[in-house]
Amino acid sequence: MKRHAEESFKTTCSYCGVGCGIVVKKNRKGKITVEGDQDHPVNRGMLCSKGMNLHYAMQDQSDRLLHPEMRWSRNHPYQQVSWDMALQRAAAVFKSIIQTYGPDAVGFYVSGQCLTEEYYIANKLVKGFLGTNNIDTNSRLCMSSAVAGYTKTLGEDSVPIAYEDIELADCFFIAGANPAWCHPILFRRIEAHKQANPDVKVIVVDPRRTQTCAMADLHLQISPGTDMYVYHAIARILIENGDVDYNFINNHTEGFAEYRDAVFNVTVEEAARICDVPESDIRLAASYIAAAKGFLTLWAMGLNQSVIGVNKNIALISLNLITGHIGKPGSGPFSLTGQPNAMGGREVGGLATMLAAHRSYANPEHRKEVASFWGVPSISEKPGLTATQMIEALERGDLKAIWIICTNPLVSLPDTRRAEAAMKKARFVVVQDISRKSDTLDFADLILPAAGHFEKEGTMTNSERRISHLSKAIDAPGEALPDVEILCRFAKAMGFHGFDYNNVDEIFDEHCRLTKGTNLDISGLNYAQLKESGTIQWPVPEKNHKGTARLFTDSQFYTPSKKAKFHPLNNPENQSEPLTSDFPLILTTGRIRDQWHTMTKTGKVNKLRQHIDKPVLEIHPHDAMVRNIKEGDVVEIDNFRGTVRVSAKISEDIKKGVVFLPMHWGKILQKDLARANNLTSHLVDPISKEPDFKFSAVEVRKFEKP
Ligand code: SF4
């Protein structure tokens, strides 16, 4: 861009899936600052505390990995090696394992922070050339239930709304999400809209009274795991009162009669008792929805991270379907994405259970299309191992080598002590990352230094399907390389053809071509056009297409019948870990405002540490009193998986019988036992395989020094 005393570069925030535009300014000495991009349609110049301080995290290189390092065995020290040597060793080990045990003995675990081009190349390499579908992403931990929920109701994984629907909605139903802290810029847009239009209603469903509740007209503080009862009770009231859109239901959906029967199995009174909320509040929520001309349902991990996460998604999306509030201005289901490019990963088929551009392994035509596009004989029809399945396969000894890119599973996976034990059994672990502060590094046989977010070019897609171009602003330190270059060099070391790209432009354009003819068709787009326009929402099926703000405006869905689908979910019981007399409290985990994921970036920024500088356990006054716990006391939270020791914060914001721990802290950043996932259950949703982070049985005791 301009070249005066300073240069400026347009990019996108590297944290949450809101996808705010950022202008990075670099002075003559190379020092960078950031500001919100006034021209960006998402944030219009605004940034939250994390985005505003991004330059500190990006510029602090004290913890950066600078050179490839490897050790010949776990008893040997690491030694610095050249890139050639590192990748030759990786290729030799991968070849040998594949030759001896077959391609399913290797796996890749990547990240919703990878750029689309990195995701694309990793998937091409693994599914096309290594011959296994064992590539999963940490997005499995946050949004795979939403992917399955959309697919089951709308026919494909498709977020139908645009952020501009926020300013057109008059009722917001925010369930299992705390956008005030986790998606702050979207929250500010909702807040501003409500301030300007006092009749706008906000309903929050959450076992915790979070900051988001501050602007709510109604907070349904349900018992954890009972969400579906609320959605079904609201549906029942709407149906009984005739506040549903029968024209839409009759012409554009199927399965309504069976759905209605399932919903009518439970009375509103019974649902209120099970959820532990007043029946009148459920009726009030239904009345707000009934009166709405624009109705948005927003949700995040509270729904997704559950052993019945997919069913919760289906039940919530069904509220949009019965009211016909989908494909219309101000209306629709809107899953909030936790990571900046989880959506881009979904487009390239970045999960072990999907192929590029929403294609399916189960469809032989789809496999053939992708194989022929990549010039490989075939794609395996066997879905790959998901995140927690990889841990199980390592335990069994079936998975011998794992390559981990841009994620820190030894803090973020559930039941992390089990994950640690499994990782020790791996024959070969590659960790490709930017930071030495990743707890996962302890297990690496080979460490590959990657370029950071401002140090590479590419694209990402945010929660409203908006693809953004990211410029490179600064050079990577030492010998660190962009992830895409590392993967292409490895592919060549393996002897594969088809990885000779001159730049990321060529990779993006190849990805666009592979989407042709699919529902997320972006074959009308190319890198040069995107660079020029900055952002665009998919689909973009033709040249000079302006992008697509809203899906399903013609009420034609992606199912074979073109009709959206209801599902009779007869038994909305929570299948989570049962509480016992030894472990009578429900542990739920989540995020705090100024930290992100496992803190390898936000943990470096002083300003961000000032908000909450250490992990605390939120506990209800009654639960604290019966355990003789006072504010600030050190407490131990236990179950048969492990222990966490932190201070207690006594608060009426948390429901009685429930305790809350932030998920960010790991062993490296906090020396004591602060890792919430020491305690979390390894149970997963049977369809999405997303772990149940929101419901683990624990006990809490005051910690007395021995
Ligand atoms: Fe970054 Fe999300 Fe904050 Fe926007 S809302 S600045 S994308 S963390």
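Residues numbered from 1 in each chain as written. Predicted model: local features only at pLDDT ≥ 70, side-chain atom pairs only at ≥ 80, totals over all residues.

Per an unreviewed UniProt entry, the protein chain carries the name NAD(P)H-nitrite reductase and comes from Pseudochryseolinea flava.

Let us now look at the sheet that holds strand β1 (residues 7-12). Pairing is antiparallel across the open sheet formed by 3 strands, whose spatial order is β1-β2-β3. Edge positions in the sheet fall to β1 and β3 (32-36), since each has one partner strand and no second. The sheet shows a mean angle of 30° between the axes of neighbouring strands, taken without regard to direction. The pairing of strand β2 (residues 21-26) with β3 spans 5 bridges and is classified as antiparallel. Considered in β3, the bridge of Val23 is made with Glu35. (Pairing = 2+ DSSP bridges. Helix = DSSP H or I, 4+ residues; strand = E, 2+ residues; numbered from the N terminus. Axes fitted to C-alpha atoms, helices over the stretch in contact; angles between N-to-C directions.)

Residue alternation in strand β17 (residues 458-461) divides its side chains into two sets, Gly458 and Met460 and Thr459 and Thr461, and both sets are buried. When β17 meets strand β18 (residues 466-470), the two strands line up antiparallel, connected through 4 bridges. Following the sheet pairing, Met460 is matched in β18 by Ser468. The antiparallel pairing of β17 with β18 creates a hairpin that spans 4 residues between the two strands, and Arg465 there sits at a positive phi of about 65°. (Buried ≥ 20, exposed ≤ 12 C-beta atoms within 10 Å, placed from the backbone.)

What follows deals with the sheet that holds β18. Within the open sheet, the 3 strands sit side by side as β17-β18-β19. Their pairing is antiparallel. A single partner strand is all that each edge strand has here, and the edge strands are β17 and β19 (535-537). Sheet twist, expressed as the average angle between the axes of neighbouring strands with direction ignored, equals 25°. In the sheet, β18 pairs with β19 via 3 bridges, with the strands oriented antiparallel. For Ser468, the partnering residue across the bridge sits in β19 and is Thr535.

Considering the arrangement of structural elements, one finds Tyr101 in helix α3 (residues 83-101). Look at Tyr101 and you get partly exposed, because 16 C-beta atoms sit within 10 Å. For the pair Tyr101 and Leu399, spaced 298 residues apart in sequence, the C-alpha to C-alpha distance is 9.2 Å.

The next thing to look at is the site of the ligand. If you check the shell around the ligand, you find 14 residues, and the closest are Cys13, Cys16, Cys20, Cys48 and Gly51. Class assignment for the residues of the shell around the ligand results in 9 nonpolar, 4 polar and 1 charged. Both of domain 1 (7-59) and domain 3 (144-336) provide at least three residues apiece to the shell around the ligand. (Near = placed C-beta within 6 Å. Nonpolar A, V, L, I, M, F, W, Y, C, P; charged D, E, K, R; others polar. Domains from an automatic or database assignment.)

Below, the discussion takes up the UniProt feature "domain: 4Fe-4S Mo/W bis-MGD-type" (unreviewed entry) in the protein chain. According to UniProt, the feature "domain: 4Fe-4S Mo/W bis-MGD-type" (unreviewed entry) maps to residues 6-62 in the numbering used here. Between the first and last C-alpha atoms of residues 6-62 the distance is 24 Å; the span itself is 18% helix and 30% strand. (UniProt positions renumbered as here; feature names shortened; annotations may be inferred.)

Contact pair α3 / helix α20 (residues 483-493): the axes reach a minimum separation of 9 Å and the direction vectors enclose 60°. Our classification of the angle between α3 and α20 gives oblique. As for the relative orientation of α3 and α20, their crossing is right-handed in sense. Here Trp83, Leu87, Gln88, Ala90 and Ala91 of α3 come into contact with α20, specifically with Arg489, Phe490 and Ala493. Among the residues forming the contact of α3 with α20, the class breakdown is 6 nonpolar, 1 polar and 1 charged. (Parallel < 35°, antiparallel > 145°, perpendicular 65-115°, else oblique. Left-handed = near helix turned anticlockwise from the far one by under 90°. Contact = placed C-beta atoms within 7 Å.)

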